[in-house]
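Structural overview for review
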Amino acid sequence: MTLSNRSPSDRPPRVLALGAAACGLAMIAGVPLGGAAATSVGCLSLLVFGLPHGTLDLELIKARSRGPWTGLAGLLVLYLGCAALILALWQVAPVLALGAFIVTATVHFSEDWDGTGARFLELGVALGLLCAPTLIHRDAMARIFVGLTGQAQGSMIADLMFLVMPVALVVALVAVAALWSSGRRSRAIAATLSLASMVLLPPIVGFALYFCLFHSPRHFRESLSALHWLGFARWGWVVVPLTGAAGLIALSLFGMEIRPALPERIMAASFMTLSILTVPHMLVPLLVEALARRGTPVATRDAAIALGQHPRAALAD
Ligand SMILES: CC1=C(/C=C/C(C)=C/C=C/C(C)=C/C=O)C(C)(C)CCC1
Ligand SMILES: [Fe+2]
């Protein structure tokens, strides 16, 4: 691997490998990873270990703040306005909200795989990851989606993902080969481990591994290095209270839930919280990029992208 095409956030995915190995062994030993306890632990991990990576969004924008919408108050209005719209969609048309969640997540997770050389390959890995569980856990996916939406038609989303899955997985494998041959070997290994976890493990646990042990730490490191924030003392005062605020959102959704079974309530509250915070979280890199384009010499931005870094890494300069 040449140093020139290796992003600083591209480390060997040791934690992901350890997590995948531990879950694989647990499954072989007969631990019911698709059961109520594992599902609840997986969902709570999404909130505790996964969600905090989005809490630095506001700071990233503020670092480039200009104009009325980039002050803290303006940003909060934008953030909460978006979140309220998505929450309303979940109440009025849950199946549509779930479909929109999968589509936006595909675009968001595709950012983890830049460096394949083609946008559709990056989207293919993201879509492949999300659709992969339908290969051998199609019924479980349908049950999860019916539980999440509270409607029998929720299973249609699982059917659609099952139809898309073969093509998405083939494109994802081509993307892995492209990452490997361009020297981004750690990322190729991370993609392979994530895809394997999503295919073989029960859906929630497989997703928790990818989300908590790859996506979130990678974005968290990138955001911290863009902000030049070192040490817990520097970032803790932002990340801890905002994660607490997201926890309160999850708790109120949990309180609003009418589903009788506890694991289903935990699952619905966790994924809905992720969903309503995802849209503003997704808009942030775009906003940051637009702001950076105004304030950062184009060459710096392009250099960051050429190095395989996320455009937000350009903020570091
Ligand atoms: C509901 C659900 C799924 C989809 C999860 C999604 C779409 C999560 C998106 C999270 C985002 C975008 C976080 C941003 O940082 C899976 C894994 C297919 C299967 C299990 C149930
Ligand atoms: Fe994210």
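None of these values were measured; they are calculated from a predicted model.

A word on the UniProt feature "binding site: Fe cation" (unreviewed entry) in the chain
In this numbering, the UniProt entry assigns the feature "binding site: Fe cation" (unreviewed entry) to H53, H108, H215 and H219. These annotated residues cover 167 residues of sequence, and their C-alpha atoms all fall within 13.1 Å of one another, placing them together at a single site. For H108, the position within the fold is in helix 5 (residues 94–110). When residues no more than four places from it in sequence are discounted, the contact partners of H108 are H53, H215, H219, H281 and M282. Those residues in contact with H215, other than ones at most four positions away along the chain, are H53, H108, F109, D112, Y210 and H281.

A look at a nonpolar patch on the surface
There is a patch of nonpolar side chains on the surface, built from M27, L135, I136 and L200 and spanning about 360 Å² of accessible area. Looking at where L200 falls in the secondary structure, it is placed in helix 9 (residues 185–200).

Considerations on the environment of W113
Within the secondary structure, W113 sits in the loop between helix 5 and helix 6 (119–131). Note: C-alpha distance between W113 and A191 (78 residues apart in sequence) is 8.0 Å. Once residues within four sequence positions are removed from consideration, W113 is found in contact with E122, V125, A126, L129, L179, R187, A190, A191, S194, Y210 and F214.

Considerations on the coordination of the iron ion (ligand 2)
Every protein donor of the iron ion (ligand 2) is listed here as H53 (NE2), H108 (NE2), H215 (NE2) and H281 (NE2), and their distances to the metal cover 2.1 to 2.3 Å. Along the chain, the residues donating to the iron ion (ligand 2) are arranged with the sequence spacing H-x54-H-x106-H-x65-H. Residue H215 is located in helix 10 (residues 203–227), and its partner H281 is located in helix 12 (residues 262–295); the two are separated by 66 residues in the primary sequence.

Observations concerning the packing of aromatic side chains
Within this structure, the stated rule accounts for 11 aromatic pairs. The interplanar angle of 55° and the centroid separation of 6.4 Å between the aromatic rings of F207 and Y210 together place this pair among those described as tilted. Here the residue F207 and the residue Y210 both occupy positions in helix 10, the gap between them amounting to three residues, near one helical turn. Just as F207 is buried, Y210 falls in that class too. One aromatic cluster is present, built from ring pairs that chain together F109, W113, F207, Y210, F211, F214 and F271.

What to know about the site of ligand 1
Surveying the vicinity of ligand 1 reveals 18 residues, the closest of which are H53, F101, H108, F211 and H215. Within the contact set of ligand 1, an oxygen atom lies 3.2 Å away from a side-chain nitrogen or oxygen of H53. Taking H281, its side chain carries an N or O atom lying 3.4 Å from an oxygen atom of ligand 1. With the chains in place, 99% of the 540 Å² that ligand 1 exposes on its own is no longer accessible. Those elements giving two or more residues to the shell around ligand 1 turn out to be helix 5, helix 7 (138–149), helix 10 and helix 12. The residue inventory of the shell around ligand 1, partitioned by class, reads 13 nonpolar, five polar and no charged.

Section: the nonpolar core
Of all hydrophobic cores here, the largest spans 72 residues; its most connected members are W113, F145, F207 and F271. The dominant element in this core, judged by the number of residues it contributes, is helix 8 (residues 155–181), at 11 residues. The contacts of F207, once residues within four sequence positions are left out, are L46, F109, L130, M198, F271 and L274.

Some thoughts on unusual backbone geometry
For H228, which is not glycine, the phi dihedral falls at a positive 60°. Here H228 is to be found in the loop between helix 10 and helix 11 (232–256). The class for H228 is exposed, based on a relative accessible area of 56%.

Some remarks on the environment of E59
As for its placement among the helices and strands, E59 is situated in helix 3 (residues 57–62). E59 sits in the buried class, given a relative accessible area of 13%. Each C-alpha atom, one on E59 and one on L227, is 7.9 Å from the other, the two residues being 168 residues apart in sequence. Excluding its chain neighbours within four sequence positions, the residues that come into contact with E59 are L227, W229, W237 and V238.

Digging into the pattern of salt bridges
Applying the stated criterion to the full structure yields six salt bridges. Residues R218 and D114 are paired through a salt bridge, measuring 3.8 Å at the closest nitrogen-oxygen approach. One end of the pair, R218, is in helix 10; the other, D114, is in the loop between helix 5 and helix 6, and 104 residues separate them in sequence. This pair shows no difference in class: R218 is buried, exactly as D114 is. Close ionic contact of E222 with R218 constitutes a salt bridge, the shortest N to O distance being 3.8 Å. Remark: R218 and E222 occur in helix 10; sequence separation between them is four residues, near one turn of the helix. Three or more residues joined by partner-sharing salt bridges are found here, namely D112, D114, R187, R218 and E222.

Conventions and cut-offs
Residues numbered from 1 in each chain as written. Chains lettered and ligands numbered in written order. Predicted model: local features only at pLDDT ≥ 70, side-chain atom pairs only at ≥ 80, totals over all residues. Heavy atoms only, no water. UniProt positions renumbered as here; feature names shortened; annotations may be inferred. Helix = DSSP H or I, 4+ residues; strand = E, 2+ residues; numbered from the N terminus. Contact = heavy atoms within 4.5 Å. Patch = residues over 30% accessible without salt bridge, like charges linked within 9 Å, V, L, I, M, F, W, Y side chains within 5 Å. Areas by Shrake-Rupley, 256 points an atom, 1.4 Å probe, with all protein chains shown as cover. Salt bridge = Lys/Arg side-chain N within 4 Å of Asp/Glu carboxyl O. Donors = N, O, S within 2.8 Å, 3.2 Å for Na, K, Ca; no water. Phe/Tyr/Trp six-rings, centres within 6.5 Å; stacked < 30°, edge-to-face > 60°. Buried < 20%, exposed > 50% of the residue type's maximum accessible area, 1.4 Å probe, protein only. Near = heavy atom within 4 Å. Polar contact = N/O pair within 3.5 Å; in protein donor to acceptor, adjacent residues only side chain to side chain. Nonpolar A, V, L, I, M, F, W, Y, C, P; charged D, E, K, R; others polar. Core = buried A, V, L, I, M, F, W, Y, C linked by side-chain atoms within 4.5 Å.

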